[in-house]
Amino acid sequence: MYCPNCGSTINENAEICIHCGVNVLKFNNQITVAKNDKPNIWVNVLSLCCFPLLGIIIYFVWKDTQPKAAKSALIFALFGLAISIIFAIISFVIGFAIEMMDDSYYY
């Protein structure tokens, strides 16, 4: 077995590395975070403009392994969802106003 801190060879049953003094059991219980944890621009763009549900799903898939990228995807998905709702409300109001103007009852 190797020490997760210094990389030295240690005994399989060791609790503390004899070379650097780090508690090996603490490292074994942690979830490793990816070193390239940065927001993915393509996932963010798709979450914002096309598929907000994609960003929400990716958040739950990546939240333990890539927390920064997951949070970014969730934020863009929520903005995309808010923009979609606002656009739907505006479209409804404009459509309703146009229908009211075209109604012959008011002429």
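Notes on the structure follow. Since the structure is predicted, the reported quantities are computational estimates derived from the model, not experimental observations.

## Quick word on the packing of aromatic side chains
Evaluated as defined, the whole model comprises two aromatic pairs. Geometrically, the ring pair formed by Tyr59 and Phe60 is edge-to-face, given 5.1 Å between the ring centres and 75° between the ring planes. Residue class for Tyr59 comes out partly exposed when judged on its relative accessible area of 23%. Residue Phe60 is classed as exposed on the basis of its relative accessible area, which comes to 53%.

## Side note on helix 4 (residues 67-102)
Every α-helical turn comprises 3.6 residues, leaving residues that sit three or four positions apart pointing alike. For helix 4, with 36 residues, the first-to-last C-alpha span of 52 Å sits near the 52 Å given by 1.5 Å per residue. Among all positions of helix 4, only Ala69, Ala70, Ser72, Ala73, Ala77 and Gly80 are buried. In this structure, the buried side of helix 4 is in contact with helix 2 (41-50) and helix 3 (52-62).

## Brief notes about the state of the cysteines
What the rule picks out here adds up to zero disulfides. There is no disulfide at Cys49, and the cysteine sulfur nearest it, in Cys50, is 3.1 Å away. Its relative accessible area of 54% is what places Cys49 among the exposed residues.

## Some points on the nonpolar core
By size, the foremost hydrophobic cluster in this structure holds five residues: Cys3, Ile10, Ala14, Cys17 and Val24. In this structure Cys3 touches Ser8, Ile10, Cys17 and Cys20, once residues within four positions along its chain are discounted.

What counts and what doesn't
Residues numbered from 1 in each chain as written. Predicted model: local features only at pLDDT ≥ 70, side-chain atom pairs only at ≥ 80, totals over all residues. Heavy atoms only, no water. Phe/Tyr/Trp six-rings, centres within 6.5 Å; stacked < 30°, edge-to-face > 60°. Buried < 20%, exposed > 50% of the residue type's maximum accessible area, 1.4 Å probe, protein only. Helix = DSSP H or I, 4+ residues; strand = E, 2+ residues; numbered from the N terminus. Expected span 1.5 Å × (residues − 1). Contact = heavy atoms within 4.5 Å. Disulfide = S-S within 2.5 Å. Core = buried A, V, L, I, M, F, W, Y, C linked by side-chain atoms within 4.5 Å.

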